[in-house]
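# An overview of the molecular structure
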Amino acid sequence: VPLGSHNDSIQGDPGTTTTLCKMTDNIDSETGLSHNTRSPRFTQWVAFLGFSVISLGAAVEAKNSDNPTASRANQRWAVACCSITCALTFIMVALQLHPIPASIIVGTKIEGVVVLILAGFWAATVAVVSDARNGLAVDEEGKVESGNLYYFSWAGFICSVILTVSYLRAAFGVDVASELRNRSARLTLWAGLLAGQLVIMGSCANIFDQRCAPMTDAGDEGFCKRTKFGISVGVVGTAFSLGVVGMKVATSQAPFILEAIFACMLLAMNGVGIALITSGNGPGGAIGNLYYFTWISGVCAFFLTFSCLQDFQRMSSGAQAADGAHTGGTPTENDIPVEPLDKNADDV
């Protein structure tokens, strides 16, 4: 292609000219390297590395402790997950410190694959370290025994989710948070309630198997009844929340009356659950997953019910306004009196 025609084609395309100008602005004239090579998620990667290192050290310490009831296989799995995530995160941080490898990694499919792998490993890590049967972050009663392992494993999991959402938004223009908000009203709250009810159901079932199973005689009758109630709350709440989330995702809406009834029922059940489960004699009395997610579920159910009540009040006000407009309405104290035109003409 002749050089002149190539230059004319570039000058005739404003989009191409703008892109070339941006690329030229980002290149250092002395080194020939781009200025903006670090990922906009670099701070999150560094934080993720710190969480991984602390969790790895705590997991190794918990594994080396003498706990005869702990599952050694799951302990080794937790250490392996922490080691893999720590190594991958360190590599990602190190590559972003130099412009050349950073330009190959940042915003590409490689970063996306690594983010998804880390999110999967970290979800497995949280599930293992939070299980009372494994003797890692919590003891047999679900009480937090290793604060570093418990809290930093959850922090790492949350950071992996944030990294995944940030990458999807940057690479594909998919804003997960906005999509959830715009998809349907209260979808985020229902999703949070669904997650909380799943944790309540699983944690109570785990505690019941350990302390209230028919083969064990150590279970207290009142304690076991509260644990059964927690399982019931988790099962019912999961079914209701999953149904509403499914309808909102599939059709962008759910029947308002059904949603309001479910929200009120779950508020009542979780309110009683907070009183019974998180008390001193309940299965969630100790600080742990069950304690936190019982309260989280109660808060979500409260805001769901409050939001449904607000929508109901708005619909009622709208219906009354529509009826008033249809019937001609009645004078109110805010109406401005207007005298007849003929009377004004006579006065003039």
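Definitions and limits used
- Residues numbered from 1 in each chain as written.
- Predicted model: local features only at pLDDT ≥ 70, side-chain atom pairs only at ≥ 80, totals over all residues.
- Heavy atoms only, no water.
- Disulfide = S-S within 2.5 Å.
- Helix = DSSP H or I, 4+ residues; strand = E, 2+ residues; numbered from the N terminus.
- Patch = residues over 30% accessible without salt bridge, like charges linked within 9 Å, V, L, I, M, F, W, Y side chains within 5 Å.
- Areas by Shrake-Rupley, 256 points an atom, 1.4 Å probe, with all protein chains shown as cover.
- Salt bridge = Lys/Arg side-chain N within 4 Å of Asp/Glu carboxyl O.
- Buried < 20%, exposed > 50% of the residue type's maximum accessible area, 1.4 Å probe, protein only.
- pLDDT = per-residue confidence, 0-100.
- Contact = heavy atoms within 4.5 Å.
- Expected span 1.5 Å × (residues − 1).
- Polar contact = N/O pair within 3.5 Å; in protein donor to acceptor, adjacent residues only side chain to side chain.
- Axes fitted to C-alpha atoms, helices over the stretch in contact; angles between N-to-C directions.
- Parallel < 35°, antiparallel > 145°, perpendicular 65-115°, else oblique.
- Left-handed = near helix turned anticlockwise from the far one by under 90°.
- Nonpolar A, V, L, I, M, F, W, Y, C, P; charged D, E, K, R; others polar.
- Phe/Tyr/Trp six-rings, centres within 6.5 Å; stacked < 30°, edge-to-face > 60°.
- Lys NZ or Arg CZ within 6 Å of the ring centre and 35° of its normal.

## A look at the state of the cysteines
Within this structure, the stated rule accounts for 1 disulfide. Bridging C212 to C224, the disulfide has an S-S length of 2.2 Å. Where C212 bonds to C224 through sulfur, the torsion about that S-S bond is close to -95°, and the disulfide is left-handed. A residue pair is termed long-range when its members are at least 10 positions apart, and C212 in the loop between α9 (187-211) and α10 (221-251) and C224 in helix α10 qualify at 12 residues. Unpaired in terms of disulfides, C82 finds its nearest cysteine sulfur in C81, a separation of 6.9 Å.

## Brief notes about a nonpolar patch on the surface
On the surface, a cluster of nonpolar side chains totalling about 370 Å² of accessible area is made up of V299, F302, F303 and F306. Residue position: F302 is located in helix α12 (residues 289-327).

## Digging into the pattern of salt bridges
Opposite charge on two side chains makes pairing possible when the charged atoms of those side chains draw close. Taken as a whole, this structure holds 6 salt bridges when the rule is applied. Note that E221 and K225 form a salt bridge whose closest N and O atoms lie 3.6 Å from each other. Taken as a pair, E221 and K225 lie in helix α10 at a separation of 4 residues, close to a single helical turn. The shortest N-O distance in the salt bridge between R314 and D311 comes to 2.1 Å. With R314 and D311 both in helix α12 and 3 residues apart, the pair spans about one turn of that helix. For R314, a relative accessible area of 53% translates into the label exposed. According to the relative accessible area criterion, D311 is buried, its value standing at 17%.

## Quick look at the environment of D66
Mapped onto the elements, D66 comes out in the loop between α3 (42-64) and α4 (72-95). Sequence spacing of D66 and G135 is 69 residues, and the spatial spacing of their C-alpha atoms is 9.6 Å.

## Notes on the confidence of the model for the protein
Averaged over every residue, the pLDDT of the protein is 80; residues scoring 70 or more account for 76%. Here helix α2 (residues 14-25) stands out as the element of the protein with the lowest mean pLDDT, 43, in contrast to helix α11 (residues 256-277), whose mean of 94 is the highest. pLDDT under 50 marks residues 1-10. Its contacts with residues more than four places away, or in other chains, come to 3 contacts. Ignoring residues within four places in sequence, the model shows residues 15-35, a span with pLDDT below 50, making 17 contacts including any to other chains.

## Details of α9
Taking 1.5 Å per residue as the helical rise, α9 with its 25 residues ought to reach 36 Å, and the 36 Å between its terminal C-alpha atoms agrees with that figure. Regarding α9, the residues found buried are L187, W190, L193, L194, G196, Q197, I200, S203, C204, N206, I207 and F208.

## Comments concerning the side chain of E259
Among the structural elements, E259 can be located in helix α11. Within the structure, the side chain of E259 is placed 2.9 Å from the side chain of W190, a separation counted as a polar contact. Not counting residues up to four positions away in its chain, the partners in contact with E259 are A185, R186, W190, V244, K248, A254 and C308.

## Some thoughts on the packing of α3 against helix α7 (residues 147-172)
Where α3 contacts α7, the two axes come as close as 8 Å, and the packing angle between them is 150°. Put simply, α3 runs roughly antiparallel to α7. Crossing hand, α3 versus α7: left-handed. Along the contact surface, α3 presents Q44, W45, F48, F51, I54, S55, A58, A59 and A62, while α7 presents N148, L149, F152, S153, A155, G156, C159, S160, I162, L163 and S166. A breakdown of the residues in the contact of α3 with α7 according to their chemical character gives 13 nonpolar, 7 polar and no charged.

## Topic: the packing of aromatic side chains
Under the counting rule described, the total for this entry stands at 13 aromatic pairs. For the pair F51 and F152, a centre-to-centre distance of 5.9 Å together with 50° between the ring planes defines the contact as tilted. Of this pair, F51 sits in helix α3 while F152 is found in helix α7, placing the two residues 101 residues apart along the sequence. For the ring pair W154 and F293, a centre distance of 5.6 Å and an interplane angle of 45° mean the geometry is tilted. Placement of W154 in helix α7 and of F293 in helix α12 is noted, with a sequence separation of 139 residues between them. Look at F293 and you get buried, because its relative accessible area is 14%. One residue, R211, lies across the ring of F223, its end atom 4.1 Å from the ring centre.

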